[in-house]
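Okay, here's what each chain looks like letter by letter:
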Amino acid sequence: MTGVRDGEWAVKAEGVSFVYPEGTKALDGVDFRVRKGEFVAVLASNGSGKSTLIKVLTGLLQAKKGTVRISGRDIREYSSKALYQEIGVVFQDPDDQLFCASVEEDVAFGPRNLGLPEAEVRNRVSTALEAVGAIGLRNRAVHHLSFGEKKRVAVAGVLAMEPSALILDEATAGLDPAGEALMMRLLHRLNRERGIMVILATHSVDLLPLFADRICVLQRGKVLKEGTAEAIFCDHEMIERAGLRLPYISGLLHDLKQYDGVPIEGLPLTVGDARKRLLELIPEALIVGKCLWRDK
Amino acid sequence: MTVPRRGGIAFISCVAALLCFPGRAHAMHIADGILPPAWAGFWFLVAAPFLVLGMRELRIRSGREPRFKALVGLVGAAVFVLSCMPIPVPTAGSCSHPCGTGLAAILIGPGITVVVASAALLLQALFLAHGGLTTLGANLVSMGVVGAYLGSGAFLVARKVRIPWLLAAFLAGVVSDWGTYATTSFELSAALAGDGSMGSLFLPILAAFAPTQVPLGIFEGFLAAGAYRLIRTRRPELMDLPQEEGAV
Amino acid sequence: MTELFSDIFAGRNDVLTRMDARAKVACAISALLAVLFSRNALFPAGVFAACLSGMFLVRIPAKWISFRIAGPAAFALVLVLLFGFTVGVTPMASGSFAGIRLTLMEEGVRRGLLLGARVLGATSVVLLLGAVTPAHRIFHVLLRAGIPAEWVEIAMLVYRYAFVLLEHAAEVSAAQRVRLGYSHPAKSMSSIGTLGGTVILRSIDQAVRTHEAMTARGYTGSIPFGPMASMGRRDRWVAISVPLLFLTAWLLVGRGQG
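About the cut-offs
Residues numbered from 1 in each chain as written. Chains lettered and ligands numbered in written order. Predicted model: local features only at pLDDT ≥ 70, side-chain atom pairs only at ≥ 80, totals over all residues. Axes fitted to C-alpha atoms, helices over the stretch in contact; angles between N-to-C directions. Helix = DSSP H or I, 4+ residues; strand = E, 2+ residues; numbered from the N terminus. Parallel < 35°, antiparallel > 145°, perpendicular 65-115°, else oblique. Left-handed = near helix turned anticlockwise from the far one by under 90°. Contact = placed C-beta atoms within 7 Å. Nonpolar A, V, L, I, M, F, W, Y, C, P; charged D, E, K, R; others polar. Pairing = 2+ DSSP bridges.

(A) Local environment of the packing of helix α3 (residues 68-82) of chain B against helix α4 (residues 101-108) of chain B. Residues and elements named next belong to chain B. Axis separation between α3 and α4 bottoms out at 10 Å; the angle between their running directions is 160 degrees. By the criterion of interaxial angle, the relationship of α3 to α4 is roughly antiparallel. Relative to α4, the crossing made by α3 is right-handed. Residue-level inspection shows V72, V75 and V79 of α3 in contact with α4, the latter providing T101, A104, L107 and I108. Per-class residue counts for the contact of α3 with α4 are six nonpolar, one polar and no charged.

Below, the structure written as C-alpha cells:
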C-alpha cells in the first residue's frame, strides 16, 4: 500500500471523527483508503461505527474532524448529483431504499434524477435489473417481493446510476445461505467484470476471504487493523478483541493445530483451501475417491 | 319521502343490525354509491378548499425542510395503518376501527393531515373497498377536515386552559373521533332522506351508531394519549414539529 | 391486520391487467357516474353483474370477492329493510316481531333497492378497477389528469410504506400479545396506545432513512415520474366505446324510474 500516490486512492478518508448529537462517539480518527477497482470489506461487530463510516463516506453525514476525498477531490466540493454518480450506497434495510410503488419505477428513480432522456432511463433500468438477475421482477409491486429480491432490486437501483463505487451496508444480513452466496457472487462479478469498486460493511466473516481484496477491522470507531484476509485472520487475538471470530473452517483448523498438534501449514480461510491442506496430511492409501486437485 | 315517526324504533334497530354483521362495520367510511350525485359533488366542493390549503402548507414547508414530504408520506402511512387496526367494540359485538386523524393533527398540523387523509382514503377505497371514490369528498370532510381540525383544536384549547398534555391528547382523540362520527351521520342522513327531512334522520342514525362509536371514540382517546406519551418520552425533540407551525 | 389488498391480483398478466390504465379509469368513472345517476335498481344491478363477471373472467377467487362485497351487501340489505319499514304508504307484506308489528312498504322497498343496488354497483366497479390495475399505474393516471405531483408523491409513499408499517404493527402487537399485553381491558388500552405510538415513531424514523436513501440517489425535492407509454389502438377504442356504451345503457335503462 505504500508508495501509492494520492490520486490513485479512489476513496480516501483521513482522521475522520464523528459524534452523534446525544454524545455517542461513533468514529474516532479513522483512516480508510480504497484503490480504484478494489473490493474492500469493513469488518466490525454491531455498533462499531460501520454504518456511520458509510454515511460519512457518502456525504450523508458530515465528519466533525478529518477529510474525505473521492477521486482526489474533497467530498464537500461535490454537488450531490456529481457525488452520487461516483458512489452508490446500498442501505441495510431494502425497505429504506425502495420507496416507489413498482420495481421499474424505483430503479428508474436515480437515472431520472440525473435528467437522462427516457430511452436511456429504460435502457439503464434493463441493464441494472439484468445485472442483478431481477429482470423478471420489472413490473412487480415492491411490497410483493421477497427479502432477497428486495435486496437485489435495491442494488439495481444504485447500479442504474452507473457509479464507479458501490458502498453496501450489511449486504448479506438477513439473507438465507443461498441468497447470501448469490449476493456475494453478484458483488464479485460487478467488481471483477465491470471494475466497480466495492466497499462492503459487514460482520459476517465466512465468505469474506473468498471475495475481499482487503479487510479493514473497526472497533469502537477506530481502525484496529487493515490488510489482506490472511493478515487479518492470522491475528487471532485482535479478531477476538473486535468481537468477531474466524471463519468456521479456519476456527476448526486453528483448534486442530493448536490443541491437537496437527501439522497444518498456515491458516486456510476457505473450505477449498482447508480441504487441500487436510488431504496433504492423509496417507494416499487411505483416500478412496479420486482427488481432483492431485490429478492436476 | 318522509320518515314517519312510527319508523323510529325500526330504523334504529335496522341500522344497529348492520353492526352485527360479521366483518368490519363501515361506520366511519360512507360506502361508494350511497350518496346522490348532488350530495357527492357538494362534499367534494366542501373538502376542496381544505385540501388546497393543506397542499399550500405542504409546498411551503417542504420548500423549507427537504425531508418534510417523506415525513408526511410516512405519517400518512401510519394513519393508514392505524385506521386499519380492527378494534373489538364489546357493546356492539363487532369490530370497528379508529381514524387516527386526531393524533396526526396534533403531530403534523391539521392542514397537512387533510392531505394525508385524502391519500389514505383514496388507497383504502381502491384496494380495500373501504369507503369509495364517489364518497371520497364526504369521507374526507368527516375524517380529514372535521377529524383533524376538531382534534387539533381540542388539543390547543385544552393546552390553553392548562389541562395536562396527556389529557389534552386524550381529548383530541375523543373529540376528533366523535366529530367524524357525527359528521358521517349527518352526511348519511342528508343523503338518505332525499328531500327536506334530513333533520328527522340525523338523530336516529346518530343513535344507531352510538353503541359502536361512543366507546370507540373513548378508545381513540386512549390511543392518542398513549401514542402521544410514548413519542413524548422517547423522542421529545419531535414535539417541536407542530408547535413550530401548527397552522392553527 | 394482514388485510388482503386487491392489488395482489394486479400483478397478473391477463386481458384486463394488460389494458392501459387510462382506459380502465375512463371506463370506471363512466360506470360510477352512470350508477350514481341511475333512477332504477335494474341498471346498477346490471353494472354489478358485469363487474362480477369481469372479476370471474380474470379468475379472481370468489372467496375474496365475497369477503370484500360482504360489507356493502349487508349495507344494501339494511337499506332495503330500513326504507321498507319506514317509508311509503302501500303495504307489501306484514308480520310481527317480538310484539312489534312491522309492515313492509312498496315505495320504501323500491327506494332501498335502488340505493342498495347503487352501493353494490359502485363498490364492484372500484373493486374491479383496484384488482386489475397496479397502484403505480393509477398514480400515473392521476398525474396525467392534473393532480399535483406533490400529492401523488405523498400517496405513493403512503401506499409503499403502509405495507412496511402494517408488518411492523403486526409484529409489535404479537409481541405484546405473547407477553399478555391484552389480558385485561386496562392493559389493552395501554398496549394499544403504545402500539399506535410505536407505529408513528417507526414511521418518523423510516422517513429519515428513506429521505437519506432518496438523497443518495439524487433526490432534490420531488420524485420524477416517467412518461406513460402511448395508448394502443385497441385500448383507445375501449376508452371511447365503453363510456359511450354506459351512456347508451343509462339512457335506455338507467334513466327511467323503475
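(B) Structural detail: the sheet that holds strand β4 (residues 65-70) of chain A. Residues and elements named next belong to chain A. Spatially, four strands are ordered β2-β1-β4-β5 in an open sheet, and the strand pairing comes out antiparallel. With one partner strand each, in any of the chains shown, β2 (25-35) and β5 (73-74) form the two edges of the open sheet. By the bridge criterion, seven bridges tie strand β1 (residues 9-19) to β2 in an arrangement that is antiparallel. Within the sheet, the bridge partner assigned to V11 lies in β2 and is V34. Along the sheet, helix α1 (residues 50-57) makes contact with β1, β2 and β4, crossing β2 at roughly 60 degrees.

(C) Inspection of the pairing of strand β10 (residues 222-227) of chain A at higher detail. Residue and element names in this part refer to chain A. Where strand β9 (residues 214-219) and β10 come together, five bridges link them in antiparallel fashion. Residue pairing for β10: C216 is matched across the bridge by E226. What sits between the antiparallel neighbours β9 and β10 is a turn of two residues, in which R220 has the positive phi angle 45 degrees.

(D) Structural context of unusual backbone geometry. Residues other than glycine seldom take positive phi values, yet E162 of chain A does so here, at roughly 50 degrees. As for its position among the elements, E162 of chain A is in the loop between α6 (147-159) and β7 (165-169). Phi is positive for R162 of chain B, close to 60 degrees, though the residue is something other than glycine. On the secondary structure map, R162 of chain B appears in the loop between α6 (136-160) and α7 (165-193).

(E) Highlighting the interface of chain C and chain A. Across the contact, 27 residues belong to chain C and 31 residues belong to chain A. When contributions to the side of chain C that touches chain A are tallied by element, the ones reaching two or more residues are α6 (135-144), α7 (149-178) and α8 (185-215) of chain C. A per-class count over the side of chain C that touches chain A returns 15 nonpolar, seven polar and five charged.

Functional significance is not addressed by these values, which are geometric in nature.
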